[in-house]
Amino acid sequence: MRTRESSIFVKPGMSPREIVDAVRSLDGVCFTSVGMRDAGQSDFKNRHRIYDLATLAPFYNRMGLFSAECHGGARWHVGVMNRRESPFEEIEILRRLMPNVLLQTLIRETNMWGYRPYPRNVIEYVVSQVDIDVWRCFSFLNDVRNMRTVAEVILKRGRLFEPAISFTMADWATNDYYLGVVKDIVDLCGGTDEIIFCVKDMAGVGSITRVSSLIDAIKQKYPDLVVHYHRHITDGLAMPALLAAAKAGAKIFDVQEDSLVRFYGHSPILGAHAYFEESGIPVNLDRSEAEAAVQKVREWINFYDWAESPFKGLDHTVIVHKMPGGAFPSSFEQAEKGGFLHFMPAILKVMSLYNRIIHYFDVTPGSQITWVTCSGIVNKYAKAKGEAGVRHLIDLLTKFVDEKNVDFDAMSDEEKEELLTLFRNAPGDFRNLLLGHYGKLPMGWPPDWVYQSTFGEEWEKKIRERTELSPLDSIEDDDLDKLRRELVNHLGRNPTEEEFILYLMHPKDAIEMIEFREKYGEAPLVLPTDVWRKGLRKPGDKVDFELWGKPYSIELVSIGAEHEGLVHVVMRVNNKTRVYTVETPRAKKAEIRMAKTMNEIGAPINGNIWRIGNPERGSLKVGDIVHKDEEIANLEAMKMENAIVAPFDAQIVEICVKLNSFVVEGQLLFVLEKM
Amino acid sequence: MGREIKKILIANRGVTAVRIMHTCRDRKIPTTAVYSTPDRLAHHVFMADSAVHIGEAPPIESYLNMEKMIAAALQSGSDAIHPGWGFLAENAKFAQMVLDAGLQWIGPPPKVIAALGDKIQAKNLAQKANVPTVPGITDVANVEQIRKWMKQDKVHFPIMVKAVAGGGGKGMVKVEQKEQLAQAFSQARSEAMKAFGDDRVMVEKYIERGRHIEVQVVGDEDGNIVHLYERECTIQRRNQKIIEEAPSPSIDDDLRREICFTATRLMREIGYTSAGTVEFIFDSSTRKYYFLEVNTRLQVEHGITELITGLDIVGIMIDVAMGKKLPFKQSDIHPNRWALEARLNAEDPRTFSPSFGTITRLQVPHGPGVRIASGVYEGADIPPYYDSLFMLIITAGADRADAIRVMDRVLSRNLRVEGVKTLAPLLLSIIRHPAFKAGEFSTRFIEENMDTLISMFKEKNSEDEVLKIARYVAEISALGPQPWM
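Rules of the game
Residues numbered from 1 in each chain as written. Chains lettered and ligands numbered in written order. Predicted model: local features only at pLDDT ≥ 70, side-chain atom pairs only at ≥ 80, totals over all residues. Helix = DSSP H or I, 4+ residues; strand = E, 2+ residues; numbered from the N terminus. Rg over C-alpha atoms; globule rule 2.2 N^0.38 Å. Contact = placed C-beta atoms within 7 Å. Nonpolar A, V, L, I, M, F, W, Y, C, P; charged D, E, K, R; others polar. Buried ≥ 20, exposed ≤ 12 C-beta atoms within 10 Å, placed from the backbone. Axes fitted to C-alpha atoms, helices over the stretch in contact; angles between N-to-C directions. Parallel < 35°, antiparallel > 145°, perpendicular 65-115°, else oblique. Left-handed = near helix turned anticlockwise from the far one by under 90°. Pairing = 2+ DSSP bridges.

1. What about the overall build of chain B?
Part 1: Along chain B, the regular secondary structure elements total 16 helices and 21 strands.
Part 2: Taken over the C-alpha trace, chain B has a radius of gyration of 23 Å; the compact-globule value for 485 residues is 23 Å, and the two agree within 12%.
Part 3: Taking the intrachain contacts of chain B between residues at least 6 apart in sequence as the baseline, contacts between residues at least 24 apart amount to 67%.

Encoded structure:
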């Protein structure tokens, strides 16, 4: 064990070249902690809240990490959708608590933090506004062209770009293949001095000799390239693989708190540290800080047992089905919910055969495409012919892949015909993949029969439509002003820049989150996790917290019995008693129809409709013709009259309000048909 | 003369009734409140010594029901009626009924109310007293007449259509262009009918960028008329005042003296008694002022005059009704402070859409320089049937800047209303607006600056934020973990 004044060797504010030099000159290796991102993604469905993760920050700040991966991947979307936390708030909090630590994101080239390729102007806009130091960027197709815009913006900002290759074990995924990808990357980045290069083994499939051989080959060709090895532990062989990679010349390794390690994430930081040091490889780490962080996790990790998958356990067969990290257990959960859990072995088998027909990497969004496509095919066969059908499907594919070596012409006519309908119900994203919408496939386009199978009679037309261009060159720019106006319309106010970026990535979920936050404020940030998830459970339970520098306390006094779908909750908020009426799912919703379209006339303000029609022609009824600017009703509020006029010549289709009834602002009064 | 008043029925509700009861309490005169069905548990009912139910929610069945009002006074042993403002305050017929029932009427004589309540007669009286009036025509039966007058006198839009019997912004419609004329005309008539039972309207030239200045006058039965200086009531929304101040920042001392003496002269000619207000529209570009109307009643904004003069106008009205002489001369009146009033209405500050409901939490402002009249208490309901004003906030200071500072403190720190939306954010934006601070505004200030004013609304404060968090805790405590988590 070494003792040092401080283990900190890189810091935010350093230039990419300074950071790269600092890593190169390091005696031994260093760690990236994925405790704040990928650890939670792999085994806890990204539910770890910044409230808890922030408790690790003071230790990270002194630990001497290369970086902390705390951003990106699916954490972004789950934050918006399920934790109701904004990734911008998370960065702000972590910057404050660990100013010494490089913050790292994971970005999916043109897919960024969403699930579709975004146009170039959106990428430029978003990447330029996110305060992240290290940008790990991967392509599930290893189509380096797709990284260009992200790389350009990051290099221009003086932040560190960390291009990653997606790694898998397959006969076609040779050293030569990967060296070709590395060359593209080095060319894109203008050399090896201002980047960190990453091998992303997202499924945890790299065998010890394979990893050793690949990294050795890369270091032979690019001796100055700093290599970062990202390796999941699914196969149970991660730590030996890390050591092999280190011996082959990799410098940075992804690890996480031992107490966070489950089955699909990364190696334990203390274990990895001990293993490296015992093997004679020094690790830049303040171990006592790392130990303290490992202990700290135990204070809150039990609040997340609900988020863990019931389908636990390592799985060495990952080397054939290739399902990565968190996708593996969550697919089992989906299968259980969907009632096809008993077909999971068959689906995994089909996946292992599928990935020998169509070649790309099983990582987002590829892993989702594989899963939906393969589980769909198995379910189709199961529905039509039961288990016998599924067995038949596997026999057919096994014969095609193993016996006939994916030679379509070697199959019988009957088998050909069957293969030609195999992908007919494949999901839209699979079709987009075949059409080149995500970029080029690593081993070229699948054979024609796959197109025939997917598109039927249109297959030749579809092949003609297939693009060789990167989405960066084929997707038209979005109209950002128009999108911003859309959001303004949803919110009824100007959004912040950050809200707008959330909206660009995940429009529907962003709006839900913004509305949630307008209603519940900073609840996601200030409430401890047990209260966040379960509330206060018995009278006298209370939660103390600070908000904007002032102390607050919320204490439960009582929860009333449910009556007609309503429950009264009595609480003391800073000693003042308050009663909240809570609607249960059984609450009767008084549905008020609101005017939404041009043809629907709504109330301009709250008030009483005291006249339908106007003094000249009396009252109006359905079927009457009204003229532009003719008064069709009058609303009285606080003794002021408000004429409601027809916006155009029209026939009355529906009168949706009774005379002398009270209406709320926006409530539907008339449906008109334009004449 | 010396008539005694032993118990006063206040023919009103809410803030108005509460304000009058304050003085009655000071004077140890017992009070009777009246209430409609939805007001059964209203604040003014609790403040009174006795209370009488006078009918259902619609004003016409309760607070405008003259017979029931008189019966309530007799039944409760009251010997005088104070009408407050609004409802029956400027109804001459009611005033006469009160007197005919052998009760004291706390206000000017019915004849005076009738004469001045008719805008046409009032305008004639003003002209007779050499008070400048706004060009216009007084007896309008149809739209054609308006068109003819505009052509003849070369009057351009905008013009104002006003209920002859009107007041308080009701039955008043501004017309911007000729297409709107017919609709505005019929709207004004209809509103006038509804609010005052009289659909006659008159039409006047609209003074662009005008300011609204009024003079508070009090008079006794001996013919003493004293003015209590002017008030500036220019900040209005939809012709209803929401911020008033005294003195007026629009005029200098010479003009102040002139306007106040003009008002006194008019009221003396009329033979006015009790409290009343002469309203003027002031054209700041020409420095000309025109007579608008006389309000023959206590006004909402009387409080700022009370603060700058140290007098109690309600008390003066009671004294005058008892036949007492004014205890002061004009030369005794020395305003020595600046006062600002903000009307807290239960309305959406962006749309002015009324906001009814229960006031779930009420923190009434206090601290140096603050006077509050509140028509509600925590837990009270604001029913949808009546005016949305529920609290008058008045602040005072040595000068204008001082009064504004106190108001800022009150609106931004002290006041807290939950359960209904209020105008507070808008009121705060207005008093913080540089043009308001500089005293540069017109009656169109709010409509002209609405976007800026809204943009000045303070986004968040921790008090509101913690309640959002508490709501979340309440919901999750009751419902348990949610599927979306």
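Anyway, onward from the coordinates.
2. Notes on the interface of chain A and chain B
Part 1: Taken together, the contact pairs 41 residues of chain A with 34 residues of chain B.
Part 2: Looking at the side of chain A that touches chain B element by element, the count peaks at five residues for strand 11 (residues 550-559) of chain A.
Part 3: Of the residues belonging to the side of chain A that touches chain B, the class tally is 26 nonpolar, five polar and ten charged.

3. A short note on the environment of Val543 of chain A
Part 1: Position of Val543 of chain A relative to the elements: it lies in strand 10 (residues 542-547).
Part 2: Given 20 C-beta atoms within 10 Å, Val543 of chain A falls into the buried group.
Part 3: As a C-alpha pair, Val543 of chain A and Val526 of chain A span 17 residues in sequence and 10.0 Å in three-dimensional space.
Part 4: If we skip the residues at most four places from it in the chain, Val543 of chain A touches Leu527, Pro528, Val531, Leu536 and Ile554 of chain A together with Val473 of chain B.

4. Re the packing of helix 5 (residues 73-83) of chain A against helix 25 (residues 507-520) of chain A
All names here are of chain A.
Part 1: Contact geometry for helix 5 and helix 25: axes closest at 8 Å, N-to-C directions at 45°. Here helix 5 is positioned oblique relative to helix 25, judged by the angle of their axes. As for the relative orientation of helix 5 and helix 25, their crossing is left-handed in sense. Contacts from His77, Val80 and Met81 of helix 5 reach helix 25 at Asp509, Ala510 and Met513.
Part 2: Within the contact of helix 5 with helix 25, the residues separate by chemical class into four nonpolar, one polar and one charged.

5. What to know about the sheet that holds strand 10 of chain A
Part 1: The strand order across the open sheet built from four strands is 10-11-12-13 (chain A), with neighbouring strands paired in antiparallel fashion. The open sheet has two free edges, formed respectively by strand 10 and strand 13 (576-583) of chain A, since each of these has just one partner strand. In this sheet, adjacent strand axes meet at a mean angle of 30° when their direction is disregarded.
Part 2: Relative to strand 13 of chain A, strand 12 (residues 566-573) of chain A runs antiparallel, the two sharing eight bridges. Residue pairing across strands places Val567 of chain A opposite Val582 of chain A, the latter belonging to strand 13 of chain A.
Part 3: Lying over the sheet, helix 16 (residues 462-479) of chain B contacts strand 10, strand 11, strand 12 and strand 13 of chain A, oriented at roughly 135° with respect to strand 12 of chain A.

6. Details of the sheet that holds strand 20 (residues 650-655) of chain A
Paired through backbone hydrogen bonds, the strands of a sheet run either parallel or antiparallel to each other.
Residue and element names in this part refer to chain A.
Part 1: Strand order in the open sheet formed by four strands is 14-22-20-17, and the pairing between neighbours is antiparallel. A strand with exactly one partner marks an edge of an open sheet, and here the two such strands are strand 14 (600-602) and strand 17 (625-626).
Part 2: Looking at chain direction, strand 17 and strand 20 are connected through two bridges and run antiparallel. What sits directly across from Val626, in strand 20, is Ala650.

In short, geometric facts, not functional conclusions.
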